[in-house]
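Close look at the chain arrangement
Residues per chain, in single letters:
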Amino acid sequence: MDAVQKKDRRKNFWSIFNFAFANIGGSAVYMTFGTYFMVYVTSAMFTGVPKAQANKLIAMITGLIFIIRLVEIFIDPIIGNIVDNTNTRWGKFKPWLIGAGTISSLLLALLFSGIFGLSRVSATWFTILFIPIFITFDIFYSFRDVSYWGMVPALTEDSHERSLFTAAANFAGFGQNIVTIIIVPVVTYVTFFFTGKHNEGQPGWTAFGILIAVVGIICSLVVALGTHEKQNALRAVTKKKTSLKEMFWALAHNDQMLWTAFPYLIYGFGNAATAGLMFYLFKYVMDKPGLFWITGLIPTIAGFFTSPLYPIINKWVTRKTIYAVNMCSMILAYILLIVSTDNLAMVVTAMILYYVPQGFIFMAVILTLTDTIEYGQLKNGTRNEAVTLAIRPMLDKMSGAISNAIVGWVAVAAGMTGTATAASMTPGGISLFKLVAFWAALILHVLALFIYVFKVKISEKKHAEIVDELQHKLAVEGISDNSDEQATSSENATTSSEEATITVAAPVSGVRVNLADVVDEHDHKGLPGNGIGIQPTEGKIYAPFDGQVVLLFTTKHVIGLRSDDGLEILIHVGLGTVNMRGEGFINHVDSGQSFKKGDLLLEFNRDKIQQAGYKDTVLVLLTQGDKVTQSDYTKEDVVSHGDELVKVQLKK
């Protein structure tokens, strides 16, 4: 049993590692495009082009980027819906991770080459080609980004495991910091190598674009080939394609997703405004622009600790508590900045209180959004994985776009432009700056805190209950998936009057117990349904026929099987064991996996079950009430695994 646990832990570790590794490339591509592309455009793309013409081209590119940023606010959910409607043999996300990740990386390299130098040869042809290339790059990058983060709920339905995946990926976001560190040396060195000039020229930028593109492609391949989407029944029952109308209806009726998104948007408005005006604090208020690097150092260092610490802290402290404590830290930072901006020690303390919590808040929000996927599935019958997780980047873009406009307005209104200095600032200008950067942001953070604490109900415990309810609902309604192939076979079955006789072997050794005589964890006697109980004498469940696993509860105490002949059964290990949350259970198969009769499917610790105060009775239940015409159970009092347990007449 220990060997199996170690094997599972190794498999899970590499899955988390591969998922996180991919974000090194993802964050590097994002930083290269989002921050340094305009640096390249303004410094090297139009070298040798007449200044007036170059300025027009720069203005065209700047305007295009701004417009696309606004349009993306509405496009991301549509992209998420397209990803959600993807159904291939490789899963939902991997085709987009490989395809969109590769295409966007190649187009990034093309853009950093000035479209093979066309930017300095023909302004007309450059403009004609640049617009579709840039739009195509941006769309495919969005597909890659939405697919990457939307993949988390497909990797596991357990909240704690999701926190491990998300924390690891967030930690690997240091790829953007690596870009900041290497960009100048790489661009300068390559330019000198080809031209003999010590500057940031076109050869260096082209090489840098190619370097980041290669990293992006490698990382997309790693996450696609190194992770495994769980093809469980919770996901299988929602394979039906969702229209845009149905998607927006489902999102609008997922109140917990909306209550999670709304305070994050409010928080984003305040946070983006403060971050955008932070340079103005050091230059025009404190008169210490040379110390602005502090605002980069603190979050960089914090990022190496917050993500790894989050899952550890979350094992002992609830997600809501983590969110509330860190929001209070940011609120305290605003108070310090309001009362004292002339004391460097006070400002640095405020910076620490302001930047360190942001990683924890991000983790809490994205994990809450992830858990609203099952909530929406239970409430509305629609599972929107990629769409739901596309909400977060959409909110980031929305708050960023609005805040950029606010920052520009404040800079002009407060006189913080051009040759202005701290000495030339008026009391009115300083007051206006503090009003927007600190006071307004403080109010928005307090509002976001209260909304999240009092309106968001999806806790780790609540999510586990929702998953249990979904799984039990599937167990009651039948465990068949809704894939096209299954639907076709079901249609064929209803038009045929043939019946098959299927033998189900005992999955465990023990004493036979009729359902009417089974005593549950509350000492109530008798259970409904078509099935039989076995009081086990061993802690191992074996396959009762040749078939496939179609449902495995996250708590591992219930497994749903379908025989090659189409018979579906549930094996329920213990009564009350759902409360053990998988403790004492080890699965040897996963959802979607095939098996042969006699294969070991599951192990359970009988002593742990009994010590916890629960029953270890194993139930074998027939779930196809409309198709099972006859079931003849063994009369033997004692059975061994592999013995005939029941013969079933099943309509074909």
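Residues take numbers from 1 onward in each chain, read along the sequence in its written order. Per-residue local features are limited, in this predicted model, to residues with pLDDT of at least 70; the limit for side-chain atom pairs, both in listing and counting, is 80 or more; totals at the level of whole chains, interfaces and linings are taken over all residues. As a convention, hydrogens and water are excluded, and side-chain values are obtained from all of the structure's heavy atoms.

Further remarks concern the overall build of the chain. When helices and strands are tallied, the chain shows 20 helices and 14 strands. Taken across its 652 residues, the chain has 53% of its residues classed as buried. Accessible surface is estimated by sampling points in the Shrake-Rupley manner with a 1.4 Å probe; for residues, cover comes only from the protein chains shown. Carbon and sulfur atoms form 63% of the exposed surface of the chain, whose accessible area is close to 28,600 Å². Think of it this way: any DSSP run of H or I at least four residues long counts as a helix, any run of E at least two long counts as a strand, and we number them from the N terminus. Three exposure classes are used, based on accessible area relative to the maximum for each residue type with a 1.4 Å probe and protein chains only: buried under 20%, partly exposed in between, and exposed over 50%.

Now for the sheet that holds strand E14 (residues 644-651). Here a strand pair is declared whenever DSSP counts at least two bridges between the two strands. Overall, antiparallel pairing links the 3 strands, which are arranged E1-E14-E12 in an open sheet. Two strands in the sheet have a free side with no partner beyond their single neighbour: strand E1 (499-505) and strand E12 (628-633). The average angle at which neighbouring strand axes cross in this sheet is 15°, direction not considered. Where E1 meets E14, 7 bridges bridge the pair, whose relative direction is antiparallel. Every angle, taken between N-to-C directions, lies between 0 and 180 degrees, and every axis is a line fitted to C-alpha atoms, over only the stretch in contact when it is a helix.

Time to look at the sheet that holds strand E5 (residues 547-552). Strand order across the open sheet formed by 8 strands is E9-E5-E6-E7-E11-E3-E2-E13, with antiparallel pairing between neighbours. Strands at the two margins of the open sheet, each flanked by one partner only, are strand E9 (594-595) and strand E13 (638-639). For E5 and strand E6 (residues 558-563), the ladder comprises 5 bridges, and the chain directions are antiparallel. Each bridged residue has a counterpart across the sheet, and for Val549 the counterpart in E6 is Leu561.

Two descriptors summarise a pair of aromatic rings, namely the distance from one centre to the other and the angle between the planes of the rings. Pairing of aromatic rings covers Phe, Tyr and Trp, the last through its six-membered ring, and needs centres within 6.5 Å; plane angles under 30 degrees mean stacked, over 60 mean edge-to-face, and all others mean tilted. With the rule as written, the count across this model stands at 30 aromatic pairs. With a centroid separation of 5.7 Å and 80° between ring planes, the pair formed by Phe171 and Phe304 is classed as edge-to-face. Of this pair, Phe171 sits in helix H7 (residues 159-171) while Phe304 sits in helix H13 (residues 294-314), placing them 133 residues apart in sequence. Residue Phe304 is classed as partly exposed on the basis of its relative accessible area, which comes to 39%. Ring centres of Phe450 and Phe454 lie 5.8 Å apart, and the angle between their planes is 15°; on these two criteria the pair is classed as stacked. With Phe450 and Phe454 both in helix H17 (residues 427-455) and 4 residues apart, this pair spans about one turn of that helix. Residue Phe450 is classed as partly exposed on the basis of its relative accessible area of 47%. Put simply, the rings of Tyr30, Phe33, Phe46, Phe126, Phe130, Phe134, Phe137 and Tyr141 touch in pairs and so form one group of aromatic residues. Here Arg144 stacks its cationic end above the ring of Tyr148, 5.0 Å away from the centre of that ring. Should the NZ of a Lys or the CZ of an Arg lie within 6 Å of a ring centre and within 35 degrees of the ring normal, that charge is described as sitting over the ring.

So, about the pattern of salt bridges. Here, a salt bridge means any Lys or Arg side-chain nitrogen found within 4 Å of an Asp or Glu carboxyl oxygen. Within the structure shown, the criterion is met by 10 salt bridges. Here Lys525 and Asp517 are joined by a salt bridge, their closest N and O atoms 4.0 Å apart. Residue Glu568 is joined to Arg562 by a salt bridge in which the shortest nitrogen-to-oxygen separation is 3.3 Å. In terms of burial, Glu568 and Arg562 fall into one category: buried.

Here Thr623 shows up in the loop between strand E11 (615-622) and E12. Under the relative-accessibility criterion, Thr623 is labelled buried at 16%. Each C-alpha atom of the pair Thr623 and Leu570 lies 7.0 Å from the other, and the pair is 53 residues apart in sequence. In the analysis that follows, any N or O atom pair within 3.5 Å is treated as a polar contact, provided that within protein one partner can donate a hydrogen and the other can accept it, and provided that, for residues neighboring in sequence, both atoms belong to side chains. Among the polar contacts listed, one links the side chain of Thr623 to the backbone oxygen of Glu568, at a separation of 3.5 Å.

Helical geometry note: an α-helix holds 3.6 residues per turn, so side chains three or four residues apart project in the same direction. Helix span, expected: 1.5 Å multiplied by one less than the number of residues in the helix. Its 29 residues place the ends of H17 40 Å apart at the C-alpha level, agreeing with the 42 Å of an ideal helix rising 1.5 Å per residue. Two axes enter the bend calculation: one fitted to the seven residues ending at the residue in question, the other to the seven starting there, and the bend is the angle between them. The largest bend in H17 amounts to roughly 40° and is located at Leu435.

Next up on the list: the pairing of E14. Bridge analysis of E12 against E14 gives 5 bridges, and the strand direction is antiparallel. The residue of E14 that forms the bridge with Val628 is Leu650.

Now for the confidence of the model for the chain. Any segment with low pLDDT has predicted coordinates that should not be analysed in fine detail. What pLDDT expresses is the predictor's confidence in each residue, scored from 0 to 100. Within the chain, residue pLDDT values average 83, and 89% of them lie at 70 or more. Only heavy atoms matter for contacts: two residues are in contact if any of them lie within 4.5 Å across the pair. Every residue in residues 481-496 is under pLDDT 50, and counting partners more than four places away or in other chains gives 11 contacts.

Moving on, we get to the packing of helix H14 (residues 319-339) against helix H15 (residues 344-380). For the pair H14 and H15, the least separation of the axes is 8 Å and the interaxial angle reads 150°. Put simply, H14 runs roughly antiparallel to H15. Pair H14 / H15 crosses with left-handed handedness. Orientation labels follow simple angle bins: below 35 degrees gives roughly parallel, above 145 gives roughly antiparallel, 65 to 115 gives roughly perpendicular, and whatever is left gives oblique. In a left-handed crossing the near helix is turned counterclockwise from the far helix by less than a right angle, and in a right-handed crossing that turn is clockwise.

Attention now moves to the nonpolar core. Take the buried residues of types Ala, Val, Leu, Ile, Met, Phe, Trp, Tyr and Cys, join any two whose side-chain atoms come within 4.5 Å, and each joined set is a nonpolar core. Counting 94 residues, the largest nonpolar core has Phe19, Tyr148, Leu281, Tyr323, Met416, Phe433 and Phe438 as its most contacted members. Looking at this core element by element, the count peaks at 15 residues for H15. In contact with Tyr323, not counting residues within four places along its chain, are Pro263, Ile361, Ala364, Val365, Ala448, Leu449 and Tyr452. If you look at the next biggest cluster of nonpolar residues, it comprises 39 residues, including Phe33, Ile61, Leu64 and Ile115.

Our focus in this paragraph is unusual backbone geometry. Of note, the phi angle at Phe116 is positive, near 60°, even though the residue is not glycine. Its place among the elements puts Phe116 in helix H4 (residues 114-117). Even without being a glycine, Asp287 presents a positive backbone phi close to 60°. Residue classification places Asp287 among the exposed positions, given a relative accessible area of 51%.

Structurally, the position occupied by Thr191 is in helix H8 (residues 175-195). Exposure remark for Thr191: the relative accessible area of 2% places this residue in the buried category. Here the alpha-carbon distance between Thr191 and Gln202, two residues 11 residues apart in the chain, equals 7.1 Å. Excluding its chain neighbours within four sequence positions, the residues that come into contact with Thr191 are Gly196, Lys197, Asn199, Glu200, Gly201, Pro203 and Gly204.

Next up on the list: the side chain of Ser27. With respect to the secondary-structure elements, Ser27 resides in helix H1 (residues 2-45). If sequence neighbours within four positions are ignored, Ser27 has contacts with Ala172, Gly173, Gly175 and Gln176.

For the rest of this paragraph, the subject is H8. When the terminal C-alpha atoms of H8 are compared, their 29 Å separation across 21 residues agrees well with the 30 Å that a helix rising 1.5 Å per residue should span. At Ile182, H8 is deflected by roughly 45°, the largest bend along its length, and proline Pro185 occurs up to four residues later in sequence. Turning to H8, its buried residues are Gly175, Val179, Ile183, Val187, Thr188, Val190 and Thr191. Gly196 sits one or two residues past H8 and shows a positive phi near 80°.

Turning our eyes to something else, we now look at the pairing of strand E7 (residues 568-575). Along E7, 8 of the 8 residues are buried, which leaves the element largely enclosed by surrounding structure. Relative to E7, E6 runs antiparallel, the two being bridged by 5 bridges. Pairing of Leu561 across the sheet is with Ile569, part of E7. Connecting the antiparallel pair E6 and E7 is a turn made up of 4 residues, with Gly566 showing a positive phi of about 100°. Note: E7 against E11, 6 bridges, orientation antiparallel. Paired with Ile569 across the bridge in E11 is Leu622.

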